[in-house]
Amino acid sequence: MSERIPPFQGLFYFYTAAETGSFKLAAERLFVTPAAISQQIRLLEEWLGAELFIRQHRKILLTHEGTILYHQAQKGFAHLQEGIRLINQDPAPHQLSISTLPSFAQHWLVPRIGDFRAQHPEISLLIEPTSDLVNFQDSSVDVCIRYGSGDYKNVRSEWLMDEVLYPVCHPIYQQQHKIYQLDDLVRADLIEDIWPDMDWGVWLRNLGYDSSKPTLQYNGSQFVLEGALAVQGVALVKHATVCRYIEEGKLVQIGNVALKPRFQFYLCAPNGYFKRPKIQAFHQWLRSEITQFQQRYPYTGEVRDTQFDR
């Protein structure tokens with residue numbers, strides 16, 4: 001039969017009071033009232049059947065039993081702190097493994113990541129493009145950049161930026177098929193990603209048009225963008241991945257309206273990972289880079305919120 005375990009809160013309050021030598025100082029350290037400290041220690045004493053403190057007017061003194069428990073509590077809480085340190089310890093402090101969507105890696109992150117390397121030459125990088133969610137317990141990935149709701153189990157999600165979706169095509173395709181306005185999409189070859197965040201039907205309904213089946217689908221929005229660059233049709237794309245191609249004249253937006261989806265970009269990792277210096281450095285760099293990106297490539301057209309799903 002296993003031994004009974006004393007109330008942990010009372011044990012921790014006792015340990016703090018014994019360490020500080022005062023219920024008042026213990027209360028200040030733990031952000032509770034002295035009465036709460038006293039009550040929890042009374043419950044612990046009742047559970048033990050022994051007095052732990054001699055309560056005097058201006059101070060408290062440990063009893064013989066209290067001294068024994070305090071020394072053992074010191075060892076126990078030290079072991080707990082060491083366990084927490086080991087959990088949060090970074091096994092590879094000079095290597096950063098980043099998992100992100102292939103399209104975001106290819107068209108946004110990789111063209112900029114050289115600046116992070118210049119600022120942090122002591123950190124080697126591994127970028128893993130994948131659309132699959134990462135199980136941090138079974139992988140060496142340090143951090144993920146994800147496009148979604150941010151509601152991922154057992155991870156902390158830090159919002160990075162919003163996104164807008166709009167149609168683009170190659171200037172040659174535009175001239176060949178006379179695709180200049182949204183009304184012209186009825187005669188266009190529509191290219192979309194099979195993933196639900198890039199759905200032509202949703203986009204058209206939200207803009208007041210009849211749904212239309214795509215002519216060409218790809219498994220991955222990086223291929224959708226490549227299809228547009230290859231003069232295959234009109235692609236539904238994210239602003240973050242396409243804006244530099246528009247600036248370079250390689251693609252043109254059709255119309256002047258974008259849809260704000262219900263997904264955004266997030267930086268994701270277990271909460272303890274965010275304490276790691278390499279992730280703090282990457283997070284800070286990423287926010288700075290996003291600010292510069294948004295200043296250089298603001299979307300200036302009309303933006304509408306998503307009202308209708310599939």
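Residues numbered from 1 in each chain as written. Predicted model: local features only at pLDDT ≥ 70, side-chain atom pairs only at ≥ 80, totals over all residues. Heavy atoms only, no water.

The name given to the protein chain in an unreviewed UniProt entry is Transcriptional regulator, with the source organism recorded as Vibrio furnissii. You can read under Sequence similarities (unreviewed entry) in the UniProt record for the protein chain the words "Belongs to the LysR transcriptional regulatory family." (UniProt positions renumbered as here; feature names shortened; annotations may be inferred.)

A. Region of interest: the sheet that holds strand S4 (residues 124–129). Read across the open sheet, the five strands follow the order S4-S3-S5-S13-S6; overall the sheet is mixed. Looking at which strands have only one partner, the edges of the open sheet turn out to be S4 and strand S6 (156–161). Recorded for the sheet is a direction-independent mean angle of 25° between the axes of neighbouring strands. Bridge analysis of strand S3 (residues 95–100) against S4 gives six bridges, and the strand direction is parallel. Each residue of the ladder has a partner; that of Gln 95, found in S4, is Ser 124. In this fold helix H10 (residues 277–296) packs onto S3, strand S5 (143–148), S6 and strand S13 (264–269), with an angle of close to 25° to the strand it touches most, S6. (Pairing = 2+ DSSP bridges. Helix = DSSP H or I, 4+ residues; strand = E, 2+ residues; numbered from the N terminus. Axes fitted to C-alpha atoms, helices over the stretch in contact; angles between N-to-C directions. Contact = heavy atoms within 4.5 Å.)

B. Up close: the domain arrangement of the protein chain. In terms of domains, the protein chain is made up of domain 1 (8–88), domain 2 (99–155 + 264–296) and domain 3 (165–262). For domain 2 versus domain 3, the distance between C-alpha centres works out to 26 Å. Counting residues at the interface gives 14 residues for domain 2 and 17 residues for domain 3. Summing both sides of the interface, domain 2 and domain 3 together bury roughly 1300 Å²; the carbon and sulfur share of this comes to 57%. In this structure, the connection of domain 2 to domain 3 is made through one salt bridge. We note a salt bridge from Glu 247 to Arg 296, for which the minimum N-O separation is 3.0 Å. Between the two partners, domain 2 and domain 3, sit five residue pairs in polar contact (both at pLDDT 80 or more). Those elements that provide at least two residues to the side of domain 2 that touches domain 3 are helix H5 (102–119), S5, S13 and H10. Looking at the side of domain 2 that touches domain 3 residue by residue, the classes come out as seven nonpolar, six polar and one charged. (Domains from an automatic or database assignment. Buried area = accessible area lost by both parts, 1.4 Å probe. Salt bridge = Lys/Arg side-chain N within 4 Å of Asp/Glu carboxyl O. Polar contact = N/O pair within 3.5 Å; in protein donor to acceptor, adjacent residues only side chain to side chain. Nonpolar A, V, L, I, M, F, W, Y, C, P; charged D, E, K, R; others polar.)

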